[in-house]
Amino acid sequence: MKNRIYIKDIKEHLGKETTIAGFVDVRRDHGKLIFIDLRDMSGKVQMVALPNHKEAHTLAAAVRSEWVIAVTGKVNKRPEKMINKDEPNGDIEMEITRIEVINKADTPPLDVRSDGKEIGEETRLKYRYLDLRRPRMQENLTLRHRFIKELRDFLDAEGFLEIETPILTKSTPEGARDFIVPSRLDKGNFYALPQSPQQYKQLLMIAGFEKYFQIARCFRDEDTRGDRQPEFTQLDLEMAHVERDYIIEFIERVLIHLVQKVTPEKKIQEIPFPRLSYKEAMEKYKSDKPDLRKDKNDPNLLAFCWVVDFPFFEKMDDGKWTFTHNPFSSPKTEHRPWLLKGERIPDILTTQYDVTLNGFEVGGGSIRGNNPETIEAVFRVMGYTTEDIKKNFGHMLEAYRYGAPEHGGIAWGLDRIIAILRNEPNIREVIAFAKTGEGRDLMMDSPFPARPEQLKELEIKVGK
Ligand code: ASP
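All figures in this text were calculated on a predicted structure; none of them were measured in a lab.

The rules we used
Residues numbered from 1 in each chain as written. Predicted model: local features only at pLDDT ≥ 70, side-chain atom pairs only at ≥ 80, totals over all residues. Heavy atoms only, no water. Helix = DSSP H or I, 4+ residues; strand = E, 2+ residues; numbered from the N terminus. Buried < 20%, exposed > 50% of the residue type's maximum accessible area, 1.4 Å probe, protein only. Contact = heavy atoms within 4.5 Å. Areas by Shrake-Rupley, 256 points an atom, 1.4 Å probe, with all protein chains shown as cover. Lys, Arg positive; Asp, Glu negative; His and termini not counted. Charge placed at Lys NZ, Arg CZ, Asp CG, Glu CD. Pairing = 2+ DSSP bridges. Axes fitted to C-alpha atoms, helices over the stretch in contact; angles between N-to-C directions. UniProt positions renumbered as here; feature names shortened; annotations may be inferred. Core = buried A, V, L, I, M, F, W, Y, C linked by side-chain atoms within 4.5 Å. Salt bridge = Lys/Arg side-chain N within 4 Å of Asp/Glu carboxyl O.

(A) Focus on the overall build of the chain. Helix and strand counts for the chain come out as twelve helices and 19 strands. Each principal axis of the C-alpha atoms in the chain carries an extent, and together these give about 90 × 60 × 40 Å. Expressed as a percentage of the 464 residues in the chain, the buried residues total 48%. Across the chain, the fraction of contacts at a sequence separation of at least 24, relative to all contacts at a separation of at least 6, is 65%. Here the chain has roughly 24300 Å² of accessible surface; of this, 50% comes from carbon and sulfur atoms. When the 74 positive and 77 negative side-chain charges of the chain are each reduced to one mean point, those points stand 3 Å apart.

(B) Fine view of the sheet that holds strand β2 (residues 33-40). The strand order around the closed barrel built from five strands is β1-β2-β3-β5-β4, with neighbouring strands paired in mixed fashion. The mean inter-strand angle of the sheet, taken between neighbouring strand axes irrespective of direction, is 55°. In the sheet, strand β1 (residues 17-30) pairs with β2 via seven bridges, with the strands oriented antiparallel. Bridged to V26 within β2 is D37. The sheet contacts of helix α1 (residues 54-62) involve β1, β2, β3 (43-49) and β5 (92-103), and relative to β5 the element is tilted by about 70°.

(C) A look at the UniProt feature "site: Important for tRNA non-discrimination" (unreviewed entry) in the chain. Those places that UniProt annotates as "site: Important for tRNA non-discrimination" (unreviewed entry) correspond, in this numbering, to H30. Topologically, H30 is positioned in strand β1.

(D) Examining the nonpolar core more closely. Residues F147, L151, L237 and W412 are the most contacted members of the largest nonpolar core, which totals 47 residues. In terms of residue count, helix α6 (residues 244-262) provides more of this core than any other element does, ten residues in total. In this structure, L38, V45, I69 and M94 belong to the second largest nonpolar core, which totals 22 residues.

(E) Quick look at the environment of Q202. Looking at the secondary structure, you find Q202 in helix α5 (residues 198-206). With sequence-adjacent residues up to four places away left out, Q202 is seen in contact with E238, F328, R368, M396, Y400 and H407.

(F) Looking closely at the side chain of R124. With respect to the element layout, R124 can be found in helix α2 (residues 121-126). Among all residues touching R124, those that are not within four sequence positions of it are L110, G116, I119, D131, R134, R136, M137 and E429.

(G) The pattern of salt bridges, seen in detail. Under the defined criterion, the tally for this structure stands at 43 salt bridges. Across the pair E424 and R136 runs a salt bridge, and its minimum N-O distance is 2.8 Å. Here the residue E424 occupies a position in the loop between α11 (414-421) and α12 (452-458), and R136 occupies one in helix α4 (residues 135-157), the gap between them amounting to 288 residues. Its relative accessible area of 9% is what places E424 among the buried residues. Residue class for R136 comes out buried when judged on its relative accessible area of 11%. We note a salt bridge from D291 to R293, for which the minimum N-O separation is 2.7 Å. When its relative accessible area of 18% is taken as the criterion, R293 is described as buried. Here the salt bridges do not stand alone but share partners, grouping R124, R128, D131, R134, R136, E424 and E429 into one network.

(H) Representation of the pairing of strand β9 (residues 211-219) within the structure. Here β9 lies mainly inside the structure; seven of its nine residues are buried. Judged from the two bridges that link them, strand β6 (residues 161-162) and β9 form a sheet pairing that is parallel. Of the residues in β9, the one forming a bridge with L161 is Y212. Pairing of β9 with strand β10 (residues 231-240) involves nine bridges; the strand directions are antiparallel. Counted as the bridge partner of F219 is E231 from β10.

(I) Region of the structure containing the pairing of strand β4 (residues 68-77). Most of β4 is tucked away, with seven of its ten residues classed as buried. In this structure, β1 lies alongside β4, joined through seven bridges in antiparallel fashion. Among the inter-strand pairings, G22 is bridged to a residue of β4, identified as I69. Bridge count for β4 against β5 is ten bridges, and the pairing is antiparallel. Among the inter-strand pairings, T72 is bridged to a residue of β5, identified as R98.

(J) Inspection of the sheet that holds strand β19 (residues 407-413) at higher detail. Ordered by their spatial adjacency, eight strands build an open sheet running β6-β9-β10-β19-β18-β17-β14-β12, and the pairing between neighbours is mixed. At either margin of the open sheet sits one strand with a lone partner, and together these are β6 and β12 (275-277). Here α4 sits on the sheet and contacts β6, β9, β10 and β19; the angle it forms with β9, its principal contact strand, is near 150°. Docked against the sheet, helix α7 (residues 278-285) engages β12 and β14 (304-308), running at close to 90° with respect to β12.

The following block contains the structure:
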């Protein structure tokens, strides 16, 4: 659209003729006067068609909600008694001189102007491109953008580099099931989608990139549980030559900055964030992600908390040991001899730190075992044979032989943090194209059967 201006700037054109474009929000036909509210990504404005502009008036009578139109008209001040103080453009009105219909619209299968809470989620996800038109979703994604942008700017100013890591990779032992992707060129073998960039970020520390971060997509093939998504976004971060408390203090500084910058209406209950040991948290709150808010009715209260000193290992149902958080973590220094000797397994504490917010775990990280002995010892506790360890993590053990700094990092669940900042009940509300709890994309209709020739090429047979 040539010379089109955004509705947010319309006031600067008072008394002049200008052109705007967007969706018809509502139309109120009073016969002679026809009012149309036009909506673009920047705002809304009321327009009026008068009978003296005959062609425009006829078209104004014909347009319907969600049609896309471009409108040329004169920007006027509204008469005093018509001013609406609650609307950003409530004191102005555009007198329509010309309407161009860009596209008509079928009646949408769902109301795009309400907050959407009354609409079934299946319908919202199936027509997500319409659902996203509603102001609540526009605001959610706008805030998401602003949060990530501030985060990038902050880390950049602190000397961090954003480095991309592969999506086609190898299984990582994050504790969930991997999504696997068949290789055509290397038949019978599979890539795995990353559950997190964990190994890559550690290898970047060995590579000498001392401050790394990434807004990283992670994939975990988990059973339907709560509001998880098979793919989600993390802030992934790692730093070299740092100790646990340095990372905790740094991350706390980043979080405070982001809240103040992006959601200044929010109040952080306690700074510095309180710290609890896992034992204290369980004894006092019966949860390792306690909700410490003093007033749970206050939508603008944020109660962050650090939880530290987790046990490194826990027993599974089959009696075998597994890690509670991350197999690449380092135990607390004083417990390292136990790990190396395979003694007092339940007593070994890890350097893991989790950050919680209003009762949700929103991030977690640790100082890493920065030598082959520590990494090997962890997998030995878990019952891996030397051969298993070599086969799966040989590249890590080898890398740590070539000089590795002390390092550690964290990952945040970005979707979760943004959902909390927007007081949204689940992360689907802050993900543009979310999937159902069963992992389906209802809009694209995915997952979907592979075409026979695709399967043939991959030499894959699908059982029925
Ligand atoms: N990679 C870990 C996770 O995704 C976080 C970390 O230790 O940095 O939970």
